[in-house]
Amino acid sequence: MQLAARIQDLKKEYHLSGEVVRALRGVSLDVPEGDYVAIMGPSGSGKSTLLNLLGCLDRPTGGSYYLGPDDVARMSDDRLSEIRASRIGFVFQSYNLIQQLTVLENIEVPLYYQGRIDSRAQQRCRELAQLVGLGDRLRHRPAQLSGGQQQRAAIARSLVNDPRFILADEPTGNLDSVTTGEILALLDRLNRDFKTIIMVTHEDEVARHARRIVRLRDGLLQSDERMREV
Amino acid sequence: MGSGIVLRTWILGIKSLLLHPLRSLLTVLGIFIGVASVVWLLAIGEGISKKAQEQIEGLGADNIIVRSIKPPNEATVGIRGPVPYGLTRADYDRLVETIPTIERALPVREIRRQFKYGDHLVDGRLVGCTPDYAQVTQLSVYSGHFISEPELKSKAPVCVLSHEVARRLFPYEDPLGRTINVEEQKYLVVGVLEPKNPTAGIGGSLAAQDFADDVYIPITTLWALIGDSVFTRRSGSFEGEIVELSQLTLRVKELDRVLETADLVKATLAAHHRQQDTGVVVPLELLEQARTTRLMFILFMGLIAAISLLVGGIGIMNIMLATVTERTREIGIRRALGAKRSDITRQFLVETIVLSVVGGATGVLGGLICRPAVALLRWTLERTAPGAVENLPEVIRTVEPIIVGWSIPLAFGISVGVGVVFGLYPAMRAAAMDPIEALRHE
């Protein structure tokens, strides 16, 4: 089976006013393609650190991280930017759309940094907006949309570069229960279409949608429980 | 990077700026004022110095002008009656004979007199001169002729009127062929001149010349009929002077010998005049001084303009720093979605370049309307506060700004440069942000 991501003995230490904080103390995880992983854990467990490392926003102090054949753990800042632009789709708790851009333009942003905006790409952005149910909101700005609609736009954006996996950070944290259901249904559908999803959440309810729940505690893997096969 | 992406970068920059139209407008205004002031100040400076240069050139660059100066009163204390002073005919002969570089010398004697024709009276200057005088002082004849060589030789009692004197003495008649009275003498009018603008006074030794109330006669006639001792009635009392020559205009054969000739002239005069009763004016020297002054003027104006551009640049930096802080979250999002540091730098740099180019372009337009704007300003001032305008120095009242060609690319270039320089720091600060921190920013 192809792996979307593989981390081996990943470590991260911070130096805070002379003290060494060991946020991750050696975590290994294989994420096969088509998997849907929920990462859970109390605050301080290393959840956010792992998320930043998986998202290539930060570099580990030890271990390795393969996104495909390359170890991204030692890459330069610019290479990491390229990896983020081409292999990872981000979905954030607070949507993080750019306010002055329309829905369509927001969806295009990752392509922009790959230098790949042409009419075919724009057509794809429209199709993705359609897919998440925003086909009639293309020219709207984020402020004109509800929270659920903004998160749908963000999900469309995360798909535009055809990433190896979608990295979702508390994607329903700011939404009411009805909208939460809608967004989770959308993620479920994407996963059924063989999109790999890694989601950080602290809600059991939300985590139950995943195929597999990984729990962290004190920078170590506490449990890795598979509920459904890929 | 494709051209589509480049275009998008610019469109995005403009869009971001339009999010805060007032803020962007004020920033542009700073650059606008800077650029327009560069063009304006240089244009006005050029206008003023050009005028000064023209006035000096009007004196003739290859001329040396020697004038009689009345010595200070204390030099003649205790002596009753007028004391002779100034240039003499002997000086004239000496200069012409001993200095070979002098091509020719024009003697001039001026006296204040009252001119009379019928009931019309005009106070003015009676100028005894030679035929060359018209050419050297750039007088042109309107009708008749200027004093001729035969008239000079024969000491003929003829005169040539300036345009203004002719207009006032002969409002309804052709003055040619008529005779005017100057005290007890009579002179036949043989010519009338075109109007001539006054020349400016230069230094202490050459007073401003207003040619409007002049009447010209052959200098030989003046010597024969009036002589050197001249008494003038002035407000009830008599004033006398004994002067042979008021002025000598020496023309030098070659332009590059002017300065050494002037030194010789000064030395020759100093040897024969114990008191300071002559003054030497060298237009070429003045011209060179004027050129230096012009350079200093440009430098000074440039400095002022540079300061205003600097202020504009600081305005840009200020706004961009605020913008960068405000858009920290956006920077974090863009970094997360794949923007490199250089992409972020470019994005913000594009915005400052848009601001400074718009400011620069409008500033150049604002600079180009300098002439009509100054004319309008003058017109308005004359309408609203005529008294204040009259009190202004003549140069300021009449200055015509001349737009200096190179000031336009210079001002524009500097404004764009200022945009880049002052935009670079905020843009690099934006790029240096840690994406994780930036994403957390509220």
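Quick notes on the rules
Residues numbered from 1 in each chain as written. Chains lettered and ligands numbered in written order. Predicted model: local features only at pLDDT ≥ 70, side-chain atom pairs only at ≥ 80, totals over all residues. Heavy atoms only, no water. Helix = DSSP H or I, 4+ residues; strand = E, 2+ residues; numbered from the N terminus. Buried < 20%, exposed > 50% of the residue type's maximum accessible area, 1.4 Å probe, protein only. Contact = heavy atoms within 4.5 Å. Areas by Shrake-Rupley, 256 points an atom, 1.4 Å probe, with all protein chains shown as cover. Buried area = accessible area lost by both parts, 1.4 Å probe. Salt bridge = Lys/Arg side-chain N within 4 Å of Asp/Glu carboxyl O. Polar contact = N/O pair within 3.5 Å; in protein donor to acceptor, adjacent residues only side chain to side chain. Core = buried A, V, L, I, M, F, W, Y, C linked by side-chain atoms within 4.5 Å. Pairing = 2+ DSSP bridges. Axes fitted to C-alpha atoms, helices over the stretch in contact; angles between N-to-C directions. Left-handed = near helix turned anticlockwise from the far one by under 90°. Nonpolar A, V, L, I, M, F, W, Y, C, P; charged D, E, K, R; others polar. Phe/Tyr/Trp six-rings, centres within 6.5 Å; stacked < 30°, edge-to-face > 60°. Domains from an automatic or database assignment. Patch = residues over 30% accessible without salt bridge, like charges linked within 9 Å, V, L, I, M, F, W, Y side chains within 5 Å.

**Considerations on the overall build of chain B**
Next, step 1: Helix and strand counts for chain B come out as 16 helices and 12 strands.
Next, step 2: On the principal axes, the C-alpha backbone points of chain B span a range of 105 × 50 × 45 Å.
Next, step 3: Each of the 442 residues in chain B was classed as buried or not, and the buried ones make up 46%.
Next, step 4: In chain B, the share of contacts with a sequence separation of at least 24, taken over all contacts with a separation of at least 6, comes to 78%.
Next, step 5: In the structure as shown, chain B presents an accessible area of about 21,800 Å², 61% of it carried by carbon and sulfur atoms.

**Here we look at the interface of chain B and chain A**
Next, step 1: Each side of the interface is counted separately: chain B has 25 residues, and chain A has 28 residues.
Next, step 2: Here chain B packs against chain A, burying approximately 2,400 Å² in sum over the two surfaces, 56% of which is carbon and sulfur.
Next, step 3: The interface formed by chain B and chain A holds 5 salt bridges in total.
Next, step 4: The partner of A:Glu108 in a salt bridge is B:Arg8, with the nearest N and O atoms 2.8 Å apart.
Next, step 5: Here chain B and chain A share 14 residue pairs in polar contact (both at pLDDT 80 or more) between them.

**Considerations on the nonpolar core**
Next, step 1: Counting 114 residues, the largest nonpolar core has A:Tyr65, A:Leu67 and A:Ile155 as its most contacted members.
Next, step 2: At 8 residues, the largest contribution of residues to this core is made by helix 11 (residues 341-368) of chain B.
Next, step 3: In terms of nonpolar packing, the next biggest core, distinct from the first, is built from 21 residues, B:Leu126, B:Leu161, B:Val182 and B:Ile226 among them.

**Regarding the environment of B:Leu17**
Residues and elements named next belong to chain B.
Next, step 1: Position of Leu17 among the secondary structure elements: in helix 1 (residues 3-18).
Next, step 2: In this structure, the C-alpha to C-alpha distance between Leu17 and Glu351, residues 334 residues apart in sequence, is 6.9 Å.
Next, step 3: Residue contacts for Leu17: discarding those within four places in its chain leaves Ser24, Glu351, Val354 and Leu355.

**Thoughts on the side chain of B:Glu46**
All names here are of chain B.
Next, step 1: Tracing the chain through its elements places Glu46 in helix 2 (residues 21-59).
Next, step 2: A polar contact of 3.0 Å, which involves the side chain of Glu46, links it to the side chain of Arg294.
Next, step 3: Look past the residues within four positions of Glu46 in its chain and what remains in contact with it is Arg294, Ile298, Ile402 and Val404.

**Re the sheet that holds strand 10 (residues 220-226) of chain A**
All names here are of chain A.
Next, step 1: Overall, mixed pairing links the 6 strands, which are arranged 6-7-8-3-9-10 in an open sheet. Only two strands of the sheet have a single neighbouring strand rather than two, namely strand 6 (88-91) and strand 10. The mean inter-strand angle of the sheet, taken between neighbouring strand axes irrespective of direction, is 20°.
Next, step 2: Direction of pairing for strand 9 (residues 212-217) relative to strand 10: antiparallel, over a ladder of 6 bridges. From the neighbouring strand, Ile213 faces strand 10, where its bridge partner is Glu225.
Next, step 3: Sheet strands in contact with helix 1 (residues 47-54) are strand 3 (36-40), strand 6, strand 7 (165-169), strand 8 (197-200) and strand 9, and its direction is about 150° off that of strand 7.
Next, step 4: The strands touched by helix 5 (residues 147-159) within the sheet are strand 6 and strand 7, with strand 6 carrying the most contacts at an inclination of about 170°.

**Regarding the environment of B:Ile319**
All names here are of chain B.
Next, step 1: One can find Ile319 in helix 9 (residues 283-326).
Next, step 2: Sequence spacing of Ile319 and Pro426 is 107 residues, and the spatial spacing of their C-alpha atoms is 9.2 Å.
Next, step 3: For Ile319, the contacting residues outside a window of four places in its chain are Arg23 and Thr27.

**A short note on the packing of helix 9 of chain B against helix 11 of chain B**
Residues and elements named next belong to chain B.
Next, step 1: The contact between helix 9 and helix 11 brings their axes to 11 Å, and the two run at 145°. Relative to helix 11, helix 9 is oriented so that their crossing is right-handed. Taken together, the residues of helix 11 that come into contact with helix 9 (itself represented by Ile316, Met320, Thr323 and Val324) are Phe348, Glu351, Thr352, Leu355 and Ser356.
Next, step 2: Here the residues of the contact of helix 9 with helix 11 sort into 5 nonpolar, 3 polar and 1 charged.

**As for the sheet that holds strand 2 (residues 19-32) of chain A**
Residues and elements named next belong to chain A.
Next, step 1: The 4 strands lie next to each other as 2-1-4-5, forming an open sheet whose pairing is antiparallel. Looking along the sheet, the strands with just one partner apiece sit at the ends: strand 2 and strand 5 (70-71).
Next, step 2: By the bridge criterion, 11 bridges tie strand 1 (residues 3-16) to strand 2 in an arrangement that is antiparallel. When the bridges of strand 2 are listed, Ala5 appears paired with Val31.
Next, step 3: Its contacts with the sheet put helix 1 on strand 1, strand 2 and strand 4 (62-67), and the angle it makes with strand 1 is roughly 125°.

**Side note on the packing of aromatic side chains**
Next, step 1: Summed over the entire model, instances satisfying the criterion amount to 5 aromatic pairs over all chains.
Next, step 2: Pairwise contacts between aromatic rings join B:Tyr133, B:Phe146 and B:Tyr216 into one cluster.

**Concerning the domain arrangement of chain B**
Next, step 1: Taken domain by domain, chain B consists of domain 1 (3-55 + 289-440) and domain 2 (70-276).
Next, step 2: Here the C-alpha centre of domain 2 of chain B lies 55 Å away from the C-alpha centre of domain 1 of chain B.

**Observations regarding a nonpolar patch on the surface**
Next, step 1: Nonpolar side chains collect at one region of the surface, where B:Leu22, B:Leu25, B:Leu26, B:Leu29 and B:Ile33 lie side by side and expose about 500 Å² of accessible area between them.
Next, step 2: Summarising the element assignment, B:Leu25 is placed in helix 2.

**Looking at the side chain of A:Thr196**
Residues and elements named next belong to chain A.
Next, step 1: With respect to the helices, strands and loops of the structure, Thr196 is situated in the loop between helix 6 (177-192) and strand 8.
Next, step 2: At a separation of 2.9 Å, a polar atom in the side chain of Thr196 contacts the main-chain amide nitrogen of Gly34.
Next, step 3: Among the polar contacts made by the side chain of Thr196, one reaches the main-chain carbonyl oxygen of Arg164 at a distance of 3.4 Å.

**Some words on the pairing of strand 11 (residues 247-252) of chain B**
Residues and elements named next belong to chain B.
Next, step 1: The buried fraction of strand 11 is high, at 6 of 6 residues.
Next, step 2: Neither face of strand 11 is exposed, since Gln247, Thr249 and Arg251 on one face and Leu248, Leu250 and Val252 on the opposite face are all buried.
Next, step 3: As judged from the 5 bridges shared by strand 1 (residues 63-68) and strand 11, these two strands associate in the antiparallel manner. Counted as the bridge partner of Arg67 is Gln247 from strand 11.

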